[in-house]
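# Residue-level structure breakdown
The primary structure of each chain is shown beneath.
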Amino acid sequence: MTDAPPDAEARRAIPPVICYPTETLPQPDLSLYARARKGARKVDEALAPPREAASFRVPAGHFFRITSVEGPQVGDLNLWAADNHDERFYSGKTRALHGTHLGVGHRMWSSFPYLRPMATLVEDTLGWYGQDPFGGRVHDVIGTRCDPHTHHLLSGAEYHHCCHSNLTRAYAAAAGVPVADAARMVHDVLNVFMCTGFTRDTGQYFMKASPVRPGDHLEFFAEIDLLGALSACPGGDCSAEHSSDAAACHPLLVEVFAPDEAALEGWSSPPVNGYSGTHGV
Ligand SMILES: [Zn+2]
């Protein structure tokens, strides 16, 4: 290892700056959403069975709620623009804008070149959790999704109910495409209810038992027409392991709510990103 230079401590002592200050980030009108939600009625639901995924559609201006039912369970969420599946959730840029874990008022942003809010988080019954003594928080955008390729890399085994495969099957059925094509459309997720962080000593990604309990929910306002898929992770509450049938698993419920149209006066679905796309050419 290279010896530390004489000014090592001085270099380490330089304070950090936030990469993406959010003062100029368009902010959601949460009080408008809250008023609209009051008169909303349930119009649809889907149930992701244990170790499986379910797809669902949410029109722009509707709300969708993900609820833990029966027992503690973590979910892996993918979103696509309903009319153009090339536009999909961009976990990495969402993380860069909002931080490692999402809370009320944060958005799920879409991929380039679209980069616009797909959904806004409006309610979180685990908002009280904050940060635990290990540095763990809930609802991360740092993990990717459990998948059979990494599992095979690490163990040499075949397992078909990782979230990646569950989401692939759900997307294939919803979009009417072959599984091989569907697998390329699955992307890094929002880990709903999952409690994660990085170890302080080695910086490794860790998970621990989710604090979620039946009845807990996470609710979103759909900013654009959405196709969603949610996998009930084979890790269950992710207290021990995933990519196997070892953990106790439970279903996750998705419900869609429609507000009165008049209640959304003043709101309009966000346009795609305004950058010219010329890249200087
Ligand atoms: Zn998973």
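The rules behind these values
Residues numbered from 1 in each chain as written. Predicted model: local features only at pLDDT ≥ 70, side-chain atom pairs only at ≥ 80, totals over all residues. Helix = DSSP H or I, 4+ residues; strand = E, 2+ residues; numbered from the N terminus. Rg over C-alpha atoms; globule rule 2.2 N^0.38 Å. Buried ≥ 20, exposed ≤ 12 C-beta atoms within 10 Å, placed from the backbone. Contact = placed C-beta atoms within 7 Å. Pairing = 2+ DSSP bridges. Axes fitted to C-alpha atoms, helices over the stretch in contact; angles between N-to-C directions. Expected span 1.5 Å × (residues − 1).

The helix and strand inventory of the protein chain stands at six helices and 13 strands. Taking 19 Å as the expected radius of gyration for a compact globule of 281 residues, we find that the protein chain reaches 20 Å, a close match to that expectation. Viewed in the frame of its principal axes, the protein chain has a C-alpha envelope of about 65 × 45 × 45 Å. Taking all 281 residues of the protein chain together, 40% fall into the buried category. Within the protein chain, counting contacts between residues at least 6 apart in sequence, those at least 24 apart form 73% of the total.

Omega for the bond connecting Phe-112 with Pro-113 falls within 30 degrees of zero, at 0 degrees, which places this linkage in the cis form. Of note, Pro-113 is situated in the loop between β6 (107-109) and β7 (117-124). One non-glycine residue, His-139, lies in positive phi territory at about 65 degrees. Assignment of secondary structure puts His-139 in strand β8 (residues 137-140). Looking at His-139, the number of C-beta atoms within 10 Å reads 27, which means it is buried.

Strand order in this open sheet of six strands is β1-β13-β3-β11-β7-β6, and the pairing throughout is antiparallel. Each having just a single partner strand, β1 (41-48) and β6 make up the two edges of the open sheet. Averaged over neighbouring strand pairs, the angle between their axes works out to 25 degrees when direction is ignored. Across seven bridges, the pairing between β1 and strand β13 (residues 252-258) is antiparallel.

Before going further, it helps to spend a moment on the environment of Thr-144. For Thr-144, the location among the structural elements is in the loop between β8 and α4 (148-155). The sequence separation of Thr-144 and Gly-103 amounts to 41 residues, and the corresponding C-alpha distance is 18 Å.

So, on to helix α5 (residues 163-175). Its 13 residues place the ends of α5 18 Å apart at the C-alpha level, agreeing with the 18 Å of an ideal helix rising 1.5 Å per residue. All of the buried residues in α5 are Cys-163, His-164, Ser-165, Asn-166, Leu-167, Thr-168, Arg-169, Ala-170 and Tyr-171. Next to the buried residues of α5 lie β2 (53-58), β4 (75-81), α4, α6 (179-185) and β12 (226-232).

With respect to the helices, strands and loops of the structure, Ala-173 is situated in helix α5. In sequence terms Ala-173 and Ser-276 are 103 residues apart; their C-alpha atoms lie 35 Å from each other.

Relative to strand β5 (residues 84-88), β4 runs antiparallel, the two sharing two bridges. Bridge pairing links Ala-81 to Asn-84 in β5. Between β4 and β5, which follow one another and run antiparallel, lie two residues.

Here we come to the environment of Met-207. Tracing the backbone through its elements, the reader meets Met-207 in strand β10 (residues 205-208). Accessibility expressed as a C-beta count within 10 Å gives 22 for Met-207, which makes it buried. Filtering out sequence-adjacent residues up to four positions away, Met-207 remains in contact with Met-194, Cys-195, Thr-196 and Cys-238.

Interpretation note: all reported values are geometric properties and have no functional meaning in isolation.
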